[in-house]
Amino acid sequence: MDATSFGSDLVRDVRLGWRALVRTPGFAIPAVTALALGLALLATTLGVVNAYLIRSLPYPAAARLYHVVYAPVGIPEPRGISAMDWRALADVVEFADSSASTRFLVTNGGATEEVFGVLAAPQTIGAYGVRVAFGRGFVPDDLRTGAERVALIGHSYWRARFAGDSNVVGRRFLASSVADTAPPGTYRIIGVLSGEYRDARGYARGVVDVVTPMREHYRTYVVRLRDGVSPAVAERRLTDAVRGVATTLPDRWRGVKLESLDERYSRSLRPVLVAVTFAALLVLLIVCANVAVLMLLRALRRQTEIAVRVALGASTLQIFRSVAIESGLLSGVAVLTAFGISAAALAVVAPHIEIALGQPVPRGAAALRIDPSVAAIVVALGILTAITLSAIPLLAPWRHRLAEALRRGGRGATDSATTRRLRAGLLATQMAVSVALTVGCGLTIRSALHLVRTDLGIDTHNVLRSRLVPPRRAYQDSVTLTRLNDRVVTALRKRYADRVAFSSFPVLLETTPATIESQGTPGRGLDAGSMAVSTNFFPLFGVRILSGRNFADTDRGTSQPVAIISETLARRLFTGTDALGQRIRIMERQGGGDNPAAALRTVVAIVSDVRQASTDEDLSDVYVPFFQAASRYTSVYVRTSAPYENVFDSLRDVVGRIDSRILVGASSSLDVVVHRQLGGAKFLAGVLTTFAIVATMLAVFGNYAVVAYAVEQREREIAIRIALGATPRTLMRIFLRQAMVVVGIGVTIGAVGALGVGRVLRAQLHGVSPFDPGTVAIACLAIGVAALICVWRPARHATTINPATSLNDA
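Analysis parameters
Residues numbered from 1 in each chain as written. Predicted model: local features only at pLDDT ≥ 70, side-chain atom pairs only at ≥ 80, totals over all residues. Heavy atoms only, no water. Helix = DSSP H or I, 4+ residues; strand = E, 2+ residues; numbered from the N terminus. Buried < 20%, exposed > 50% of the residue type's maximum accessible area, 1.4 Å probe, protein only. Contact = heavy atoms within 4.5 Å. Areas by Shrake-Rupley, 256 points an atom, 1.4 Å probe, with all protein chains shown as cover. Pairing = 2+ DSSP bridges. Axes fitted to C-alpha atoms, helices over the stretch in contact; angles between N-to-C directions. Core = buried A, V, L, I, M, F, W, Y, C linked by side-chain atoms within 4.5 Å. Parallel < 35°, antiparallel > 145°, perpendicular 65-115°, else oblique. Left-handed = near helix turned anticlockwise from the far one by under 90°. Nonpolar A, V, L, I, M, F, W, Y, C, P; charged D, E, K, R; others polar. Salt bridge = Lys/Arg side-chain N within 4 Å of Asp/Glu carboxyl O. pLDDT = per-residue confidence, 0-100. Expected span 1.5 Å × (residues − 1). Patch = residues over 30% accessible without salt bridge, like charges linked within 9 Å, V, L, I, M, F, W, Y side chains within 5 Å. Phe/Tyr/Trp six-rings, centres within 6.5 Å; stacked < 30°, edge-to-face > 60°. Lys NZ or Arg CZ within 6 Å of the ring centre and 35° of its normal.

The next thing to look at is the overall build of the protein. Counting secondary structure elements, the protein contains 22 helices and 23 strands. Going through the 810 residues of the protein one by one, you find that 50% of them count as buried. Taking the intrachain contacts of the protein between residues at least 6 apart in sequence as the baseline, contacts between residues at least 24 apart amount to 81%. When the accessible area of the protein is evaluated, it comes to approximately 36600 Å², of which 57% is carbon and sulfur surface.

See below:
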């Protein structure tokens, strides 16, 4: 066969296939609609997954950027490694970033504000692909001690603070780093950065406002490996280098590890997005199951047509080609429709996705789109669907029953017993698949709702938080800090009475774990979050004291060191023993023999557990008196219904009378913090609930389409029964009795299949068993009842048709 003949035959088959689909809208419309919705749902999900998990951070050679982990959580970092000579590692490390992020206190017009900044080496800005829009970048002389203080400012900060003034270069502002003991200094602006610059170590923290030259040597925490160098090789070289320069190595130290910056950034998002992708795949599987059953039922109906074509000389390949063309047309239309639906959905989702997930899209909201890679996946799935659907009709037993099909093709014929059994089997399979996949959707929804409804253990309603940052130069030691904290606590208590509390570390943030050891079992410590809190902290937040006493104002540096531990820590640290009166040692990560926290402390109370996040399962916490652990950063909590601005002004007024140099951070609601903490879980719950509703609708829609199509195939049989005297009520009873058997078998098989679905989803579930009987029962009941309704409606319609019309049209 030449190319011209093949082309003309193909065009003819395409036309015939299109006409065949147009003539059967009861099959074509449900099939295309279901496939388009399933593919669109998956395409939209993949668009979000691609933007967050697959596409790298917006840095040159981002795939080769790694975070250097000198020691795991709970083990102090080796000392003395700031002296590492990175030039000796130049054969494996292309770029070593020793810059440090900080917060700058910028004073302008008598008001002090806190901005995000970076202390950077000259090559840092260029290494991350950031350009200077105008002005100049850093030069080596800018790093010289005693040189003029200069700064680059971020593009957003330039527009917000300096109104986009093009003459900003050369202007000066007064600022100091919160980590610097030097007094505030005057910085001269030498340039404005182009676009947004985010610090590689904390991409999600926000856009950098101010960049100043790094004049002190800091540890390197970000490296870019040379092309072709594996992380394993680099880890061995870095471990050897650390061993060579470290003055102290912790006992449990096992070497340096490298963690991909991409992986580090997406770690918290990965479980959420993977669960959403699983849900989208479940929906697509339901759709494919529906359409596959429709294809098989259609093939059963076309047995006579196929038998005639084979009798006239058509080969199996020709039969397959005609069916493949029809399947390809179905899938092609569905893919094109899916692209349109997905593009519209992403346009709606883009403005809200960053708020919902709590992290910016690495390459901006514009990255939330159907790019070529996502489009290729959707097209590939469309092709795979077309091939699968093309093969489905070949499963029909037409080759072994050609003569029977021809013989029974007359007007008076009805379906054979084999055809009826096969059709019943297909309907039962449809029910089973619907139940199993609906159970999967139900499990993921219950998991997400568990995260959303998790009791954090504290009452944050109407609690506002602010942060106090004293100037480091004026308060350099624990004595001056304790005196300052005493004055601040006394003054704010006079203003707010028992509605104010204090802590050394903000609640609802992941604390740096400390190692907690009991006096009786040295060397067998447990990791726990450590925080210094005031006497009113527990009553303010509704944390229950289960046994023992609360902290008192007399618990100070000169009194006996005491501690309060959480219920979970007490159970783990003192198994089978009363924790009250026991003595513990709190060894902070940074270590240090003169650290007051390293003293033996007496446990004076056990309190209820507090979760720092909905996913916090550790629940081990230790609290020490606020005045027994001097802190440079103080979080102030006020329970009030007053507007944020009023509380902020009141705090500034009280603290300003003590020391006007203390930065008072803007007040924020802890309810908002909780909302952000649960943002990922709420997003997951919302998306999965939407997916489950869509999946259930598709399952019911598919069941209805399949049953309606099957009933349509039995119209000849119904007409004959009515002609022989059967009443519509009798026929309805027959249909429902047969349907109950089929649905019962299908639901039972689906319940068994749900066990396998739960096993697959086990790693993605939180707070729900993968074999939850309640979810299985609800899914079985919902699909079963919906299936019987799906049988009743088309069967009732079929019994109202004039039998003469059915027999003449058949």
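Having seen the model, we can carry on.
The next thing to look at is the pairing of strand β13 (residues 500–503). Regular strands have side chains that alternate between both faces of the sheet. Here β13 shows two buried faces, one formed by V500 and F502 and the other by A501 and S503. Sheet analysis places β13 next to strand β21 (residues 634–639), joined by four bridges and oriented antiparallel. Across the sheet, F502 pairs through a bridge with V636, a residue of β21.

All right, on to the sheet that holds strand β10 (residues 222–225) then. Taken together, the four strands give an open sheet; going across it, the order is β2-β10-β1-β11, and neighbouring strands pair in antiparallel fashion. In this open sheet, the two edge strands, each paired with only one partner strand, are β2 (93–97) and β11 (257–260). Taken over all neighbouring pairs, the strand axes of this sheet differ in orientation by 35° on average, direction set aside. With four bridges connecting them, strand β1 (residues 65–69) and β11 associate as antiparallel partners. Bridged to H67 within β11 is E259. Contacts between helix α5 (residues 231–245) and the sheet are confined to β1, β10 and β11, with β11 contributing the most and set at about 140° to the helix.

Before going further, it helps to spend a moment on the nonpolar core. Y52, Y59, Y128, Y197, V211 and L273 are the most contacted members of the largest nonpolar core, which totals 40 residues. Breaking this core down by element, the ones donating at least two residues are α2 (25–54), β4 (111–120), α3 (122–127), β6 (150–153), β8 (185–193), α6 (261–266), α7 (270–301) and α9 (316–357). Residue contributions to this core peak at five residues, all from α2. Excluding anything up to four places from it in sequence, Y52 contacts Y265, S266, L269, L273, I353, E354, L357, Q359, P360, V361 and P362. Counting 30 residues, the second-largest nonpolar core is a separate cluster that includes V32, A292, L294 and L329.

With that settled, consider the packing of α2 against helix α10 (residues 372–391). Here α2 crosses α10 at 150°, and the two axes come no closer than 9 Å. One element, α2, and the other, α10, form an angle in the roughly antiparallel class. Between α2 and α10 lies a crossing of right-handed hand. In contact with L35, L39, L42, A43, L46, G47 and N50 of α2, α10 contributes S373, V374, I377, V378, L381, T385 and L389. Taken together, the residues of the contact of α2 with α10 sort by class into 10 nonpolar, four polar and no charged.

What follows covers the environment of L238. Within the secondary structure, L238 sits in helix α5. When the C-alpha atoms of L238 and W86 are compared, they prove to be 9.5 Å apart, with 152 residues separating the residues in sequence. Not counting residues within four places of it along the chain, the set of residues in contact with L238 comprises M84, W86, L89, V256 and L258.

Let's shift gears to the pattern of salt bridges. According to the stated counting rule, one finds 18 salt bridges in the structure shown. Among the salt bridges present, the one from E77 reaches R219, with a minimum N-O distance of 2.5 Å. Of this pair, E77 sits in the loop between β1 and β2 while R219 sits in the loop between β9 (210–213) and β10; the two residues are 142 residues apart in sequence, bridging distant segments of the chain. The partly exposed category is assigned to E77, whose relative accessible area is 22%. With relative accessibility at 19%, the residue R219 sits in the buried group. The closest approach of N and O atoms between D142 and R136, which form a salt bridge, is 2.9 Å. Each of R64, E94 and R224 takes part in a single network of salt bridges with overlapping partners.

This paragraph deals with the confidence of the model for the protein. Of all residues in the protein, 79% have pLDDT values of 70 or greater, and the mean over the chain is 79. At the level of individual helices and strands, the protein shows its lowest average pLDDT in helix α11 (residues 402–407), which scores 49, and its highest in strand β17 (residues 562–566), which scores 94. Note that pLDDT drops below 50 for residues 590–597; the model gives that stretch nine contacts with residues more than four away or on any other chain.

Moving on to α5. In this model, α5 (15 residues) spans 21 Å end to end at C-alpha, consistent with the 21 Å of a helix rising 1.5 Å per residue. Along its buried surface, α5 packs onto β10 and β11.

Neither face of β6 is open: one carries V150 and L152, the other A151 and I153, and all of them are buried. When β6 meets β9, the two strands line up antiparallel, connected through two bridges. From the neighbouring strand, L152 faces β9, where its bridge partner is V211.

Here we come to a nonpolar patch on the surface. Together, W18, V22 and V333 make up a nonpolar patch on the protein surface, roughly 280 Å² of accessible area in all. In this structure, W18 sits in helix α1 (residues 3–23).

With that out of the way, let us pick up unusual backbone geometry. A positive phi angle, close to 60°, is found at N462, a residue other than glycine. By secondary structure assignment, the location of N462 is in the loop between α12 (417–452) and β12 (463–469). Positive phi, normally seen in glycine, also occurs at A497, with a value near 55°. Tracing the backbone shows A497 in the loop between α13 (478–496) and β13.

Here we take up the environment of L619. Relative to the assigned elements, L619 resides in the loop between β19 (600–607) and β20 (621–625). When its relative accessible area of 12% is taken as the criterion, L619 is described as buried. Residue contacts for L619: discarding those within four places in its chain leaves S566, T568, L569, D609, V610 and R611.

For any pair of aromatic rings, geometry is given as the distance between the ring centres together with the angle between the planes. Inspection of every chain in the model, using the stated rule, returns 16 aromatic pairs. On the basis of an interplanar angle of 85° and a centroid distance of 5.1 Å, the ring pair of F538 and Y623 is categorised as edge-to-face. Of this pair, F538 sits in helix α14 (residues 537–541) while Y623 sits in strand β20, and the two are 85 residues apart along the sequence. Like Y623, F538 is buried. Here a set of aromatic residues connected by ring pairs shows up, and it is made of F537, F538, F541, F551, Y623 and Y637. The positively charged end of R556 is found above the aromatic ring belonging to F627, 4.2 Å away from the centroid.

Okay, the packing of α13 against helix α16 (residues 644–658) next. Put simply, α13 and α16 touch, their axes get as near as 10 Å, and they point 135° apart. One element, α13, and the other, α16, form an angle in the oblique class. Relative to α16, α13 is oriented so that their crossing is right-handed. Of α16, the residues touching α13 (which contributes L484, R487, V488, A491, L492, R495 and Y496) are V647, S650, L651, D653, V654 and I658.

Let's shift gears to the side chain of T640. Structurally, the position occupied by T640 is in the loop between β21 and α16. When its relative accessible area of 16% is taken as the criterion, T640 is described as buried. Excluding its chain neighbours within four sequence positions, the residues that come into contact with T640 are N462, L464, R499 and V647.

Below, the discussion takes up the environment of A175. Mapped onto the fold, A175 is located in strand β7 (residues 172–177). A relative accessible area of 0% places A175 in the buried class. In the structure, A175 is positioned 12 residues away from Y187 in sequence and 7.1 Å away in space, judged by C-alpha atoms. Here A175 is in contact with L105, V106, R149, P184, G185 and Y187, once residues within four sequence places are set aside.

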